[in-house]
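Close look at the chain arrangement
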Amino acid sequence: SRPAEGNAGKMAAPMRRETHSPEPGAAPYGNFPNYSRFHPPEGRVSLLPRGLLRSLFPAATRPLLGLDVGCNSGELSVALYQHLLGLQDSNSSLELPGAGKELKLLCCDIDPELIRRAQQSSPFPASISFASLDIMDSMAREPFLSSYLQRFGRSSFDIGFCMSVTMWIHLNHGDRGLLDFLALLASLCTFLLVEPQPWKCYRAAARRLRRLGRHDFEHFRSLQINGDMAERVTRILTQECAMELVCSFGSTSWDRSLLLFKATGA
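Residues numbered from 1 in each chain as written. Predicted model: local features only at pLDDT ≥ 70, side-chain atom pairs only at ≥ 80, totals over all residues. Heavy atoms only, no water.

Some thoughts on the packing of helix α7 (residues 166–188) against helix α8 (residues 199–211)
Stated formally: A fitted line through C-alpha atoms serves as each axis, taken over the contacting stretch for helices, and the angle formed by two N-to-C directions is quoted from 0 to 180°. Numbering of helices and strands runs from the N terminus; a helix is a DSSP stretch of H or I covering at least four residues, while a strand is a stretch of E covering at least two. Under this scheme an angle from 65 to 115 degrees is roughly perpendicular, one under 35 degrees roughly parallel, and one over 145 degrees roughly antiparallel; angles in between are oblique. Crossings are classed by handedness, with left-handed meaning an anticlockwise turn of the near helix from the far one by less than a right angle and right-handed meaning a clockwise turn. Whether two residues touch is decided by their heavy atoms; if any such pair falls within 4.5 Å, the residues are in contact. Throughout this entry, Asp, Glu, Lys and Arg are counted as charged residues, while Ala, Val, Leu, Ile, Met, Phe, Trp, Tyr, Cys and Pro are counted as nonpolar. The remaining residues, Gly among them, count as polar.
Relative to each other, α7 and α8 sit at 55°, their axes nearing to 11 Å. Viewed along their axes, α7 and α8 adopt a mutual orientation that is oblique. Crossing hand, α7 versus α8: right-handed. Side by side, α7 and α8 meet where Thr 166, Met 167, Trp 168, His 170 and Leu 171 of the first sit next to Cys 201, Tyr 202, Ala 205 and Arg 208 of the second. Looking at the contact of α7 with α8 residue by residue, the classes come out as six nonpolar, two polar and one charged.

Structure (structure tokens):
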């Protein structure tokens, strides 16, 4: 699954770790070096309707700000950007209607090596920024995000993306960490697109670690939030984080739901 954020207490400033192995179990934070090869971006973006940004922000006159948490090496971030702005069609790149005129996308990941690759390969460096950040480390996160938002005179993002990240937060930070993470995203974003991993992925991730002879995920056996994770994440965001479910865009071929939420006060 997709990269997420590590244990804030142990690696607030993550260095290159021994996570760049072809064996998926060797990426305990989901920071797989070739993630897009086995879950290609098209599998997600094809579920999103054309003109989504325009329908969500019909009257936007300023640049829209997006936040992509756990962006890996950026392939999905770029695909989302292109899809949302209608840039897949060669004819439409010159005339971006309505809210599609401008989107600034901030993408972060715990793994600096993956971020380096994303920066090197990005086709839209003026609009998409990639940064190495442990989103669960408040000491690093708060000044960094505040600084970015202040550049645009903003205090929050218009839309956030959390694509196959929730499991890695959950496994590495426990139930409390997942609740805090979702509350953070809800406080930062007017709209939030979430792709939670199903519970079977938790079991598979734990099996891979054991097969490698590594310690199990610290919190795996004590998680009380379990079962239907799309339903559990939806319940947390709607009942505890002041968001409402706007739409479910269906499931990817690898059985993950794409869920769009909106802050109820927005």
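After that view of the structure, there is still more to cover.
So, the packing of α7 against helix α9 (residues 229–240)
With their axes 9 Å apart at the nearest point, α7 and α9 run at an angle of 45° to one another. Here α9 runs oblique to α7, going by the angle between their axes. The two elements α7 and α9 cross, and the hand of that crossing is right-handed. Contacts between α7 and α9 involve His 170, Leu 178, Leu 179, Leu 182 and Ala 186 from the first element and Met 229, Val 233, Ile 236, Leu 237 and Glu 240 from the second. Counted by class, the contact of α7 with α9 contains eight nonpolar, one polar and one charged residues.

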